[in-house]
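One-letter residues, chain by chain:
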Protein chains: 2
Amino acid sequence: MKHMYQAQYGRYVGMVEETIAALLPQTQEDCPKMGGVIPAHLCETMRYSLLAGGKRVRPVLLLAACEMLGGDVEEARTAAAALEMIHTYSLIHDDLPGMDDDDYRRGRLTNHKVYGVGHAILAGDALLNYAYECMLQNALAHPEHLEGHVMAMNAIAGRAGVSGMIAGQSLDLLSEHMEPDADRLAYIHAHKTADLLTAPLLAAAYIAGADEEDFRALTRFGMCVGLAFQIDDDLLDVQGDAQQMGKQTGMDAQRGKMTWPALVGVEASREKSAYLWDQAEDALARFGESAWFMRAYAEKLRMRKK
Amino acid sequence: MKHMYQAQYGRYVGMVEETIAALLPQTQEDCPKMGGVIPAHLCETMRYSLLAGGKRVRPVLLLAACEMLGGDVEEARTAAAALEMIHTYSLIHDDLPGMDDDDYRRGRLTNHKVYGVGHAILAGDALLNYAYECMLQNALAHPEHLEGHVMAMNAIAGRAGVSGMIAGQSLDLLSEHMEPDADRLAYIHAHKTADLLTAPLLAAAYIAGADEEDFRALTRFGMCVGLAFQIDDDLLDVQGDAQQMGKQTGMDAQRGKMTWPALVGVEASREKSAYLWDQAEDALARFGESAWFMRAYAEKLRMRKK
């Protein structure tokens, strides 16, 4: 079982890396003569962050959900890569001065520390726009499933956008140094984190042609995984801070950000996370044996260390 | 004729304003309970720049091209508003520190001067993503013309993106304080400016179902208008600088940006602009009388003062 899981996981990640490399190959020309070729410097700034060793959680969820539902994983590759582009653009912009102002991510300098703020803003814009450009071209290449692809893009746009991830980021930024508040925090986590983990599941469901009950179950699974994921992140931060500062604290002091540990304490946050992971597993029940990989992958995410 | 032009222009601008207002109404809730509702502060930051008195050049071109080609202007409204969102996001991000670092635009404080850099970055991201979200929903609302709408979106994504507007912005930023170079400058203007003026024409052509010759003529018209537009902008800057500084100069000294006046001088730039506007009118010949508004609108753009 462990061997099967590793093989399948490797297959999915391999597909993602291959698709990303094909959609965003290195280019050499400063001012390309041919349409469709990306100028060398812009391409480099995009590749720097897109190929920075991310765990590819969202694309793996998309490919795994697609196969779980009996869909053709070949048709879903582009959407998987596009979701990673959207996730990556949000990280580049999050790291900027005026946002989190971070110098390092995943042990490497952040995009703006290498290329400057202006080029980092453009690299983010470019990844967001290119995500749609790639998905639109993929949709046009599958005219027999055009509507499913458009609905998948629409699900992604909705969860990435003004009432999804960006809504969560906006409220998160607005709430810095505010007193923790359960409604506000629930909104931030549902949208900033959980929406972009639900998006790949719904996109896969549209591409695979799932039924209404499947959508309900996948939405519940994505929401539970997303919220648990964010609480775990906050808990890992608290542990990190506690180790660094030699004391246990419920406040993310450095950032002034609202977190579950700050609101309800570390112990209650751990319980909430455990409950959500259990609920996520529950939501997969209707998919039976075909959910074997998804179940194992959720378990891995549950056990992750930063 | 002048009266007819004014009436038609007013009708197009009215449609654009109405569509934008309908797609982005003011909201009141900080953490909306209902899906699809935009949090109040994020919505305000988007509306601040989108409703800042722009001339709506790109949406007017889209609606006018659609009617010129015999298409249904009602189906094209959303794409027109979406193009204005894309144009507006690019201005918000262009004005940021690290890019042009401007405090004022159109006589009002820039987005980041009012809401801070973080929220301005998000407002731009939000407008870009929302443009696609609105177009995707409009496409799904017209299943009988789904492919045309997807092709229109694809044309917009291509010209707004990594080998279009963003490519031009990236090279522009990279070329600051460099010696002027004709190839580089031609690339910057074709992509930074002309691509987003060609996008509405091609999107209209896909929505209206135009033929190959129409596409060729519209591409030529858009490219000529776009390049002329940018040269005129540079010339207006030179005049402005000359008036302010009491001397005539071919360099945009404040920005260190590459411009036609800096490369070939003011007189040759004026000639190039005149030639391009004439070529633009030529390109409309095949549309005969149905191009009456487009012809008059191009003439207005040619005569504009900043």
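**Overview of the overall build of chain A**
Part 1 of the argument: If you tally the helices and strands in chain A, you get 13 helices and two strands.
Part 2 of the argument: In terms of C-alpha radius of gyration, chain A reaches 19 Å, essentially the compact-globule figure of 19 Å for 306 residues.
Part 3 of the argument: If you take every contact in chain A between residues at least 6 apart in sequence, the share linking residues at least 24 apart comes to 71%.
Part 4 of the argument: With the model as given, the accessible surface of chain A reaches about 12,200 Å², and the carbon-plus-sulfur share is 50%.
Part 5 of the argument: In chain A, 29 positive and 43 negative side-chain charges are present, and the distance between their average locations comes to 4 Å.

**Examining the interface of chain B and chain A**
Part 1 of the argument: Counting from both sides, the interface comprises 54 residues of chain B and, opposite them, 54 residues of chain A.
Part 2 of the argument: Along the contact surface separating chain B from chain A lie two salt bridges.
Part 3 of the argument: D30(B) is the partner of R184(A) in a salt bridge, and the nearest nitrogen-oxygen pair spans 3.5 Å.
Part 4 of the argument: At the boundary of chain B with chain A, the tally comes to ten residue pairs in polar contact (both at pLDDT 80 or more).
Part 5 of the argument: Taken together, the elements giving at least two residues each to the side of chain B that touches chain A come down to α2 (40-50), α4 (73-94), α6 (117-140), α7 (146-160), α8 (165-174) and α9 (182-208) of chain B.

**Focus: the side chain of H119(A)**
Part 1 of the argument: Following the sequence through the fold, H119(A) ends up in helix α6 (residues 117-140).
Part 2 of the argument: Judged by its relative accessible area of 9%, H119(A) falls in the buried class.
Part 3 of the argument: Excluding anything up to four places from it in sequence, H119(A) contacts H41(A), T45(A), S170(B), L173(B) and L174(B).

**Things to note about the packing of aromatic side chains**
Part 1 of the argument: Throughout the structure, instances matching the rule amount to 17 aromatic pairs over all chains.
Part 2 of the argument: Geometrically, the ring pair formed by Y132(A) and Y132(B) is stacked, given 4.7 Å between the ring centres and 15° between the ring planes. Here Y132(B) lies in helix α6 and Y132(A) lies in helix α6, a pairing that spans two chains. For the residue pair Y132(A) and Y132(B), the accessibility class agrees, reading buried in each case.
Part 3 of the argument: An aromatic cluster is defined as three or more aromatic residues linked by ring pairs; in this entry it consists of Y5(A), Y9(A), Y12(A), W292(A), F293(A) and Y297(A).
Part 4 of the argument: Positioned above the aromatic ring of F287(B), the side-chain terminus of R286(B) is 5.7 Å from the ring centre.

**A short note on the relation of the copies chain B and chain A**
Part 1 of the argument: At an RMSD of 0.0 Å, chain B and chain A line up after a rotation of 180° and a shift of 0.0 Å along the axis. Viewed as a symmetry operation, the transformation between the two copies matches a two-fold axis. Minimal C-alpha distance to the rotation axis in chain B is attained by D125(B), lying at 3.5 Å.
Part 2 of the argument: The share of interface residues of chain B whose copies in chain A are also at the interface is 100%, consistent with both copies meeting through the same surface.

**Here we look at the packing of α6(A) against α8(B)**
Part 1 of the argument: Close contact between α6(A) and α8(B) brings their axes to 10 Å; oriented N to C, the two are set at 170°. When the axes of α6(A) and α8(B) are compared, the pair comes out roughly antiparallel. The crossing of α6(A) and α8(B) is left-handed. Contacts from G118(A), H119(A), L122(A), D125(A), A126(A) and N129(A) in α6(A) reach I166(B), Q169(B), S170(B), L173(B) and L174(B) in α8(B).
Part 2 of the argument: Looking at side-chain class alone, the contact of α6(A) with α8(B) contains five nonpolar, five polar and one charged residues.

**Comments concerning the pattern of salt bridges**
Part 1 of the argument: Scanning the entire structure with this criterion turns up 36 salt bridges over all chains.
Part 2 of the argument: A salt bridge links R304(B) to D233(B); its shortest N-O distance comes to 3.3 Å. One end of the pair, R304(B), is in the segment after α13 (292-303); the other, D233(B), is in helix α10 (residues 212-245), with 71 residues separating them in the sequence.
Part 3 of the argument: Take R304(B): its relative accessible area is 17%, and that puts it in the buried class.
Part 4 of the argument: Here R302(B) makes a salt bridge to D278(B), at a shortest N to O gap of 3.1 Å. With a gap of 24 residues between them, R302(B) in helix α13 and D278(B) in helix α12 (residues 266-283) connect regions that are remote in the sequence.
Part 5 of the argument: A relative accessible area of 40% places D278(B) in the partly exposed class.
Part 6 of the argument: One salt-bridge network, held together by shared partners, links D100(A), D172(A), K192(A) and K257(A).

**A closer look at unusual backbone geometry**
All names here are of chain A.
Part 1 of the argument: Even without a glycine there, the phi angle at R56 is positive, about 60°.
Part 2 of the argument: Residue position: R56 is located in the loop between α2 (40-50) and α3 (57-68).
Part 3 of the argument: Residue class for R56 comes out buried when judged on its relative accessible area of 3%.
Part 4 of the argument: Of note in the backbone geometry, D101 takes a positive phi value of approximately 55° without being a glycine.
Part 5 of the argument: When you line up the elements, D101 lands in the loop between α4 (73-94) and β1 (104-105).

**Re the nonpolar core**
Soluble globular proteins tend to bury their nonpolar side chains together.
Part 1 of the argument: If you look at the biggest cluster of nonpolar residues, it comprises 210 residues, and the most contacted ones within it are I86(A), Y130(A), F221(A), M294(A), I86(B), F221(B) and M294(B).
Part 2 of the argument: In this view, I86(A) contacts L128(A), A131(A), Y132(A), I156(A), A160(A), M165(A) and L196(A); residues no more than four positions away in its chain are not counted.

Parameters at a glance
Residues numbered from 1 in each chain as written. Chains lettered and ligands numbered in written order. Predicted model: local features only at pLDDT ≥ 70, side-chain atom pairs only at ≥ 80, totals over all residues. Heavy atoms only, no water. Helix = DSSP H or I, 4+ residues; strand = E, 2+ residues; numbered from the N terminus. Rg over C-alpha atoms; globule rule 2.2 N^0.38 Å. Contact = heavy atoms within 4.5 Å. Areas by Shrake-Rupley, 256 points an atom, 1.4 Å probe, with all protein chains shown as cover. Lys, Arg positive; Asp, Glu negative; His and termini not counted. Charge placed at Lys NZ, Arg CZ, Asp CG, Glu CD. Salt bridge = Lys/Arg side-chain N within 4 Å of Asp/Glu carboxyl O. Polar contact = N/O pair within 3.5 Å; in protein donor to acceptor, adjacent residues only side chain to side chain. Buried < 20%, exposed > 50% of the residue type's maximum accessible area, 1.4 Å probe, protein only. Phe/Tyr/Trp six-rings, centres within 6.5 Å; stacked < 30°, edge-to-face > 60°. Lys NZ or Arg CZ within 6 Å of the ring centre and 35° of its normal. Least-squares fit on C-alpha atoms with pLDDT ≥ 70 in both. Axes fitted to C-alpha atoms, helices over the stretch in contact; angles between N-to-C directions. Parallel < 35°, antiparallel > 145°, perpendicular 65-115°, else oblique. Left-handed = near helix turned anticlockwise from the far one by under 90°. Nonpolar A, V, L, I, M, F, W, Y, C, P; charged D, E, K, R; others polar. Core = buried A, V, L, I, M, F, W, Y, C linked by side-chain atoms within 4.5 Å.

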